[in-house]
There are 2 protein chains.
Amino acid sequence: MSLDQPASKPHERLAAALQDDLAGVNALIRDRMASRHAPRIPEVTAHLVEAGGKRLRPMLTLASARLCGYEGPYHVHLAATVEFIHTATLLHDDVVDESQKRRGRPTANLLWDNKSSVLVGDYLFARSFQLMTETGNIRVLRILSDAAATIAEGEVLQMTAAQDLATDEAVYLQVVRGKTAALFSAATEVGGVIAGRPEAEVKALFDYGDALGIAFQIVDDLLDYWGSDATGKNVGDDFRERKLTLPVIKAVAKADAEERAFWSRVIEKGDQGEGDLDHAIALLNKHDTLEATRQDALAWSAKAKSAMLSLPQSDLRDMLVDLNDYVVARVS
Amino acid sequence: MSLDQPASKPHERLAAALQDDLAGVNALIRDRMASRHAPRIPEVTAHLVEAGGKRLRPMLTLASARLCGYEGPYHVHLAATVEFIHTATLLHDDVVDESQKRRGRPTANLLWDNKSSVLVGDYLFARSFQLMTETGNIRVLRILSDAAATIAEGEVLQMTAAQDLATDEAVYLQVVRGKTAALFSAATEVGGVIAGRPEAEVKALFDYGDALGIAFQIVDDLLDYWGSDATGKNVGDDFRERKLTLPVIKAVAKADAEERAFWSRVIEKGDQGEGDLDHAIALLNKHDTLEATRQDALAWSAKAKSAMLSLPQSDLRDMLVDLNDYVVARVS
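Residues numbered from 1 in each chain as written. Chains lettered and ligands numbered in written order. Predicted model: local features only at pLDDT ≥ 70, side-chain atom pairs only at ≥ 80, totals over all residues. Heavy atoms only, no water.

For chain A, the name recorded in an unreviewed UniProt entry is Polyprenyl synthetase family protein, with Thalassococcus arenae as its organism. In its Sequence similarities (unreviewed entry) section, the UniProt entry covering chain A states "Belongs to the FPP/GGPP synthase family." Of the comments in the UniProt record for chain A, the one headed Cofactor (unreviewed entry) reads "Mg(2+)". (UniProt positions renumbered as here; feature names shortened; annotations may be inferred.)

A. Structural view of the nonpolar core. Membership of the largest hydrophobic core comes to 229 residues, with the highest contact counts inside it found for Trp263(A) and Trp263(B). Those residues in contact with Trp263(B) that sit more than four places away from it in its chain are Leu165(B), Phe239(B), Val248(B), Ala251(B), Val252(B), Ala255(B), Glu268(B), Ala280(B), Leu283(B) and Leu284(B). (Core = buried A, V, L, I, M, F, W, Y, C linked by side-chain atoms within 4.5 Å. Buried < 20%, exposed > 50% of the residue type's maximum accessible area, 1.4 Å probe, protein only. Contact = heavy atoms within 4.5 Å.)

B. Up close: the side chain of Thr245(A). All names here are of chain A. Residue position: Thr245 is located in the loop between helix H11 (237-240) and helix H12 (246-253). Exposure remark for Thr245: the relative accessible area of 5% places this residue in the buried category. Filtering out sequence-adjacent residues up to four positions away, Thr245 remains in contact with Tyr172, Asp221, Tyr225 and Asp238. (Helix = DSSP H or I, 4+ residues; strand = E, 2+ residues; numbered from the N terminus.)

C. How the structure looks around the interface of chain B and chain A. Counting residues at the interface gives 39 residues for chain B, matched by 39 residues for chain A. Both faces combined, the contact of chain B with chain A buries some 3,600 Å², and carbon together with sulfur accounts for 76% of it. Area buried by chain B at its contact with chain A is led by His37(B), Leu119(B) and Glu153(B), which between them contribute 17% of it. If you look at where chain B meets chain A, you find zero salt bridges. Where chain B packs against chain A, one counts four residue pairs in polar contact (both at pLDDT 80 or more). Contributions of two or more residues to the side of chain B that touches chain A are made by helix H3 (40-49), helix H5 (74-96), helix H7 (114-133) and helix H8 (138-161) of chain B. For the side of chain B that touches chain A, a count of residues per class yields 18 nonpolar, 11 polar and 10 charged. (Buried area = accessible area lost by both parts, 1.4 Å probe. Salt bridge = Lys/Arg side-chain N within 4 Å of Asp/Glu carboxyl O. Polar contact = N/O pair within 3.5 Å; in protein donor to acceptor, adjacent residues only side chain to side chain. Nonpolar A, V, L, I, M, F, W, Y, C, P; charged D, E, K, R; others polar.)

D. Local environment of the relation of the copies chain B and chain A. Of the transformation superimposing chain B on chain A, the axial component is 0.0 Å and the angular component is 180°, with the fit at an RMSD of 0.0 Å. Both copies are brought into coincidence by an operation consistent with a two-fold rotation axis. Most of the interface of chain B is mirrored in chain A, where 100% of its interface residues are also at the interface. (Least-squares fit on C-alpha atoms with pLDDT ≥ 70 in both.)

E. Molecular detail of the pattern of salt bridges. All names here are of chain B. This model, assessed by the stated rule, comprises 38 salt bridges over all chains. For Lys286, the salt bridge identified is with Glu259, shortest N-O distance 2.3 Å. One end of the pair, Lys286, is in helix H14 (residues 276-286); the other, Glu259, is in helix H13 (residues 257-268), with 27 residues separating them in the sequence. Ionic pairing is found between Asp325 and Lys305, a salt bridge with its closest N-O pair at 3.4 Å. Of the two residues, Asp325 sits in helix H16 (residues 315-329) while Lys305 sits in helix H15 (residues 289-309), which places them 20 residues apart along the sequence. Judged by relative accessible area, Asp325 falls into the partly exposed class, the value being 28%. What makes Lys305 partly exposed here is its relative accessible area of 30%.

F. Spatial organisation of the packing of aromatic side chains. All told, the structure shown has five aromatic pairs over all chains when counted by the stated rule. Taking the centre distance of 3.4 Å and the plane angle of 0° together, the rings of Phe129(A) and Phe129(B) count as stacked. Here Phe129(B) lies in helix H7 and Phe129(A) lies in helix H7 (residues 114-133), a pairing that spans two chains. With respect to burial, Phe129(A) and Phe129(B) carry one shared label: buried. Measuring from ring centre to ring centre gives 5.3 Å for Phe262(A) and Trp263(A), while their planes differ by 65°; the resulting arrangement is edge-to-face. Residue classification places Phe262(A) among the buried positions, given a relative accessible area of 7%. The class of Trp263(A) is buried, set by a relative accessible area of 0%. (Phe/Tyr/Trp six-rings, centres within 6.5 Å; stacked < 30°, edge-to-face > 60°.)

Here's what the structure looks like:
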């Protein structure tokens, strides 16, 4: 899968295959983001929900339920739940990170204010829990509330672990599970649970979502030092924001005293000047940590693929395999 | 019930009667506010949870379940859920209102930062949903997720309706339900539901919580213009924060052109100077809106009492009746 075949991107083929279900999810989202009493809520939500996100997470739920042969109506509720949790998280993230842009547009906290972002995020969290109770399935409620707790815990951990050179790969993995993988794995797992599939298949769906999410985030963090215009990433953003991501964590682990002093100055103290980003990249290359990070991403991706291939063959299964290949294609 | 008999305050007698259950709630709260990965979470939570709140809302759940004859373990989970939702709401409120003090101590957003308050609040919301799924009772999940949505909606409504003279008593009631009554009524209703009581009793518990919460908030808003040192309220806080509460809404409805211009200047434009608070209070007295507001509080309190008295007699029932009397005693 290469970047110059846009018509055959796996998430576009998934969207085509799940067209009717996705239309149901979009209708449900529009319906539930309404508020009889507070028109500010749908304004803020629409700004984000209709900003052209790929609906990747709800598609994971829809595809997982469908490839398990689910014929009921509740995969649509669960997919909308997952998108609401994701949207609420983005609203709160942009407040916490004081972000100005999201998906190429000004953030809600900039267009309205932090208050609106906090409170509308809370509303969407509550709405997401209302939506999942409609399924009447306690196990999916447990999976999704566990995911919500892991997400919040990961965000707090990231906030306190960032800018601290003692952060190791285990902490990084925990943060990545919170930021990305917990919702991916919940999205796929609930698809299998709602379809009533055997535990081994539910576990395979969880493993796929977990590993896909981790690979996805590692690739994202890698491209922050390795990107080009083609990847749409702005090289050095994480460095300037003093985020300790995997390539740097690996370089800090191998640093001599002088290099450690450099990382301490630019990351812990935030004292950055001209040439520091270039020097940081030189250190990553010296210790070959970009390549080591790439190998980690490929290993997680292989794990995701193997989990998905353990399920019975179907078109949707193969599209999820392709989606996983696509995630790491940017660094292959 | 008068203020100078502290040993016989109804919430203290409730706490004594529910001593063992409350110990269970406190143990569960301490257990669930822990975080294996992010020690910031229990730090922030403990600051608020252990700051000596009265545990009023969890006591409503415990008392409701017990007076319904409930013998199982889950009223403790539901009481802890209610306290977590309340705590999460306080954390986010203090960010939104940029508050400096809560329960006589510096707020979490001041001691740590807004980020911590937003994210730890999210964590407690997620934890509260985990707790309630443990009851395995879909109906209580629906009641509590509906309450969470009403709370968030009420907060957004308050934010947009504040400083707008078009705000009428219906909007005020909606805001008050969101701020206070929705969690009170959910707290009492789930007590009856978990005990498996007939619909009429569940409805009476809901009505008690709803009316108690509304009376509670109206009294609070009234004391902001009518308070003294004895009530612990700081007269004029709402005025200075340009909050449109019931006494002012009633005065605006009766205002002539000149009075309307005054309210527009001090509330809508926020242009306040020396003597404005005194003039505002003079206008409230001119139109007798403090007395009208007091009558509304008494009417809601009477509704709460009548709902509670429709339930079979028991010591706990009578303590909840006393609690209701106590809430309005400050303005009786």
